[in-house]
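Commentary on secondary and tertiary structure
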Amino acid sequence: MKILIIEDEDAAVRRLQKLLGEMDMSVEIIGILSSIESSVEWLSANQAPDAILMDIHLADGSSFDIFDKTAVNAPVIFVTAYDEYALKAFKVNAIDYLLKPIKQNELHEALRRVEPKSTKNNSTGDDLIHKLEEAGFIRKAKRLLVRMGQSIKLIDLDHVAYFYSKDKISFAVLPGNKRYPLDQSLDQIEHMIDPLHFFRINRQFIVKMEAIDEMIAYSKSRVKLKMNPPTEDDAIVSKERSPEFKRWLVGSE
């Protein structure tokens with residue numbers, strides 16, 4: 001199995017090398033990279049490895065930027081000291097998410113899932129998100145507290161049609177066009193909701209699939225959504241989010 005390591009901490013690299021060397025499977029480390037720039041260059045110029053062990057925080061930024069700059073055609077196993085990026089890892093189709101310090105058995109099991117001819121090679125995003133939920137990395141909220149003057153209202157997330165942001169204030173919109181201001185930003189809300197039902201279409205909107213009434217081709221790569229209840233501003237899927245939005249609609253991994 002050919003492994004590419006993307007990690008900027010020497011101690012972490014040495015530990016991965018030690019753990020991989022102790023595996024009972026044939027493992028070859030074909031590259032060790034420490035930055036986004038070098039990773040993009042390597043992935044653009046070389047044949048895809050069998051798996052990538054990738055840290056999230058690199059010397060020149062977040063490794064998620066690599067996915068925006070080049071195609072990543074190999075299974076990715078994130079190895080990191082931070083658990084708050086678990087949901088984002090799921091969105092880029094990582095097959096596993098291991099917290100440092102990495103344990104031998106966890107790394108071994110993760111690699112077995114991508115081992116050639118392995119019966120465990122067909123894991124899906126659903127497998128990963130289920131594992132993350134069981135481990136407590138993803139804690140989806142079921143309700144939101146909304147403050148309205150001196151009163152506090154409880155909103156069931158199942159009833160929310162969409163969230164939007166305007167003038168630096170976030171709102172939840174429910175059937176009947178009921179709109180409630182929220183304390184949380186859309187970035188915070190995005191980590192609280194179920195990604196199977198909600199999708200962040202741009203910086204201003206998070207929409208629920210069941211609340212989409214109509215989709216209209218807006219340009220070559222963008223889609224305009226007609227929501228129920230109607231939105232005050234146009235809800236347009238950004239060019240960058242359009243490919244992922246289409247996969248989300250059909251449930252494709």
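From a predicted model like this one, the values you see are computed outputs, not experimental measurements.

**Structural notes on the sheet that holds strand 12 (residues 178-182)**
- As summarised here, the arrangement of the five strands in space is 12-11-10-14-13, forming an open sheet in which the pairing is antiparallel. In this open sheet, the two strands that pair with only one neighbour each are strand 12 and strand 13 (198-200). With strand direction ignored, the average angle separating the axes of adjacent strands in the sheet is 25°.
- Inspection of the sheet shows strand 11 (residues 169-174) paired to strand 12 by five bridges, in the antiparallel sense. Paired with Ser 170 across the two strands is Leu 182, which belongs to strand 12.
- Sheet strands in contact with helix 8 (residues 242-250) are strand 13 and strand 14 (205-208), and its direction is about 175° off that of strand 13.

**Re helix 5 (residues 104-112)**
- Considered for burial, the residues of helix 5 that qualify are Leu 107, His 108, Ala 110 and Leu 111. One side of helix 5 carries all its buried residues, which in axial view fall inside an arc of 165°.
- At its buried positions, helix 5 is contacted by strand 1 (2-6), helix 1 (10-21), strand 3 (51-54), strand 6 (76-80) and strand 7 (96-99).

**Remarks on the pattern of salt bridges**
- Under the counting rule described, the total for this entry stands at 11 salt bridges.
- With a closest N to O distance of 3.0 Å, Glu 28 and Lys 2 form a salt bridge. Residue Glu 28 is found in strand 2 (residues 28-33), and its partner Lys 2 is found in strand 1; the two are separated by 26 residues along the sequence.
- The exposure class assigned to Lys 2 is partly exposed, which follows from its relative accessible area of 39%.
- It is possible to trace a salt-bridge network through shared partners that takes in Glu 7, Glu 9, Asp 55 and Lys 100.

**Describing the packing of aromatic side chains**
- Scanning the entire structure with this criterion turns up 10 aromatic pairs.
- Three or more aromatic residues joined by ring pairs form one cluster here, namely Tyr 162, Tyr 164, Phe 171 and Phe 205.

What counts, and where the lines are drawn
Residues numbered from 1 in each chain as written. Predicted model: local features only at pLDDT ≥ 70, side-chain atom pairs only at ≥ 80, totals over all residues. Heavy atoms only, no water. Pairing = 2+ DSSP bridges. Helix = DSSP H or I, 4+ residues; strand = E, 2+ residues; numbered from the N terminus. Axes fitted to C-alpha atoms, helices over the stretch in contact; angles between N-to-C directions. Contact = heavy atoms within 4.5 Å. Buried < 20%, exposed > 50% of the residue type's maximum accessible area, 1.4 Å probe, protein only. Arc of directions from axis to C-beta. Salt bridge = Lys/Arg side-chain N within 4 Å of Asp/Glu carboxyl O. Phe/Tyr/Trp six-rings, centres within 6.5 Å; stacked < 30°, edge-to-face > 60°.

Interpretation note: all reported values are geometric properties and have no functional meaning in isolation.
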